[in-house]
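Read off the chains here:
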Amino acid sequence: METTGLVLYLWLQEEPAPTVQGRRSSLSGVCYLTMGLLVLLLGLVFASMYVYRYFFITQLPRESVFHCGVLYEDSLYSPFKGQLELHEDVKIYIEENYEQINVPVPQFGGSDPADIIHDFQRGLTAYHDITLDKCYVIELNTTIVMPPRNLWELLVNVKKGTYLPQTYIIQEEMIATEHVSDMEQLGSFIYHLCSGKETYRLKRRSARRRISRREAGNCHHIRHFENTFVVETVICKKS
C-alpha cells in the first residue's frame, strides 16, 4: 500500500508538465505566425516600391531638354510692336528636383541673356546675368515657378506646337544686397553655376506698379518663363 501511494504521488506531481509544454508550443506558434505576417507585409511594401520606381518613375526621363518659345504682349514697354517672342532652353531634372533655364540674347532688346537655376531641394533661385557675368540668389518663389514635374507635363503637352499659347507678362523687382562669400551653402547646382563669379543676395521689393525704362537706370532685366506666363525679373542696385 505504501508503494502504491508513492507511485500515485509521483504521477500526480508529473501530470501538469504536458500542459506547460502545450502552452509553450502555442506561444511559439503565435510568434512564428506573427513573424510570417511581418515578412509578408515587408514583402508587399518592397514590391510596391519596386513597382512604383521601375514602372512609374522610369516613365519620366531623368533629364528632359526643351527648346521653347512663347508669344506675348507688353503694353508698357512695347505698346506698338504687337506680339513679342521669347525663346529659352529648359532642362528639367525630375529626380534631382531642379530646373535649369538658358535665355539667349532676346531679339527685341532691353533684356539680358541669363542662366537660371530653380533648386527646389534648397528652395533657392539663382540668376546668372551673362551680360554682367554676375550671379544673384534669392528664395524660390513657388507661386511663379512650377515644380519640375508640373513644368515637364506642361511642356510635353504643348510640344506638338512650336510656341506656347499667347500669354501675358508680369514683373518682379529685386534689390541686390550683401555679397555671398560661402558658395557651398547654396548647394551643388547653384555652386557650379556661380562659382568664380561675383554673387549677391537679392531681396524682393514690395509689390507696386511696373517700373518704366526711365526709372530703371540702375536695373537690369531678365525675361523668362517657367509657367504659363512670362516673368520679367528686374534686378536693381541698392541705392
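One structure accompanies this document, and this report is about it. In this text the structure is predicted, and so the values were computed from the model without any measurement. (Residues numbered from 1 in each chain as written. Predicted model: local features only at pLDDT ≥ 70, side-chain atom pairs only at ≥ 80, totals over all residues. Heavy atoms only, no water.)

Considerations on the overall build of the protein
- Helix and strand counts for the protein come out as four helices and eleven strands.
- Burial analysis of the protein (239 residues in total) assigns 38% to the buried set.
- Just so you have it, the protein exposes about 15100 Å², and 57% of that area is on carbon and sulfur atoms. (Helix = DSSP H or I, 4+ residues; strand = E, 2+ residues; numbered from the N terminus. Buried < 20%, exposed > 50% of the residue type's maximum accessible area, 1.4 Å probe, protein only. Areas by Shrake-Rupley, 256 points an atom, 1.4 Å probe, with all protein chains shown as cover.)

Re the packing of aromatic side chains
- Across all of its chains, the model carries four aromatic pairs by this definition.
- Centre to centre, the rings of Tyr168 and Phe229 are 5.5 Å apart; their planes meet at 20 degrees, and the pair counts as stacked. Here Tyr168 is found in the loop between strand E7 (163-167) and strand E8 (169-179), whereas its partner Phe229 is found in the loop between strand E10 (219-224) and strand E11 (230-236), with 61 residues between them in sequence.
- With a relative accessible area of 46%, Tyr168 lands in the partly exposed category.
- Residue classification places Phe229 among the buried residues on the basis of a relative accessible area of 9%. (Phe/Tyr/Trp six-rings, centres within 6.5 Å; stacked < 30°, edge-to-face > 60°.)

A few points about the environment of Val70
- Tracing the sequence through the fold places Val70 in strand E1 (residues 63-73).
- Under the relative-accessibility criterion, Val70 is labelled buried at 2%.
- A C-alpha to C-alpha distance of 6.8 Å links Val70 and Gln166, two positions 96 residues apart in sequence.

Regarding the pattern of salt bridges
- Taken as a whole and assessed by the stated rule, the structure comprises four salt bridges.
- Where Glu173 meets Arg205, a salt bridge forms, and the shortest distance between an N and an O atom there is 2.1 Å. Of this pair, Glu173 sits in strand E8 while Arg205 sits in the loop between strand E9 (198-204) and E10, placing them 32 residues apart in sequence.
- Among the residues examined, Glu173 registers a relative accessible area of 9% and is labelled buried.
- Residue Arg205 is classed as partly exposed on the basis of its relative accessible area of 35%.
- Of the charged contacts in the structure, one is a salt bridge between Glu232 and Arg223, with a shortest N-O distance of 3.0 Å. When sorted by exposure, Glu232 lands in the same class as Arg223, which is buried.
- One continuous salt-bridge network, built from bridges that share partners, spans Asp74, Arg223 and Glu232. (Salt bridge = Lys/Arg side-chain N within 4 Å of Asp/Glu carboxyl O.)

Digging into the side chain of Ser111
- By the secondary structure assignment, Ser111 is in the loop between strand E3 (98-103) and strand E4 (114-119).
- Among the residues examined, Ser111 registers a relative accessible area of 9% and is labelled buried.
- One polar contact links the side chain of Ser111 to the main-chain carbonyl oxygen of His221, over a distance of 3.3 Å.
- From its side chain, Ser111 meets the backbone nitrogen of Arg223 in a polar contact 3.1 Å long.
- Non-local contacts of Ser111, meaning those with residues more than four positions away in its chain, are made with Pro106, His221, Ile222 and Arg223. (Polar contact = N/O pair within 3.5 Å; in protein donor to acceptor, adjacent residues only side chain to side chain. Contact = heavy atoms within 4.5 Å.)

What about the pairing of E4?
- The buried count for E4 comes to six of six residues, which makes it a mostly enclosed element.
- As defined by bridge partners, E3 adjoins E4 across six bridges and the pair is classed as antiparallel. Opposite Ile101, over in E4, you have Ile116 as the bridge partner.
- Across six bridges, the pairing between E4 and strand E5 (residues 124-129) is antiparallel. When the bridges of E5 are listed, Ile117 appears paired with Ala126.
- From the end of E4 to the start of E5, which pair antiparallel, there are four residues, and Gly123 there has a positive phi angle of about 70 degrees. (Pairing = 2+ DSSP bridges.)

Considering the state of the cysteines
- Taken as a whole, this structure holds two disulfides when the rule is applied.
- Each disulfide pairs two cysteine sulfurs, and for Cys135 the partner residue is Cys194, the sulfurs being separated by 2.2 Å. Judged by the sign of its S-S torsion, about -85 degrees, the bond between Cys135 and Cys194 is left-handed. Linking Cys135 in strand E6 (residues 134-139) with Cys194 in helix H4 (residues 188-194), this pair joins segments that are 59 residues apart in sequence.
- Its relative accessible area of 0% is what places Cys135 among the buried residues.
- Note on Cys194: relative accessible area 0%, which makes it buried.
- A sulfur-sulfur distance of 2.0 Å marks the disulfide that ties Cys219 to Cys236. Because the torsion about its S-S bond is 105 degrees, the bridge between Cys219 and Cys236 counts as right-handed. Here Cys236 lies in strand E11 and Cys219 lies in strand E10, a separation of 17 residues in the sequence.
- For Cys219, a relative accessible area of 13% gives the class buried. (Disulfide = S-S within 2.5 Å.)

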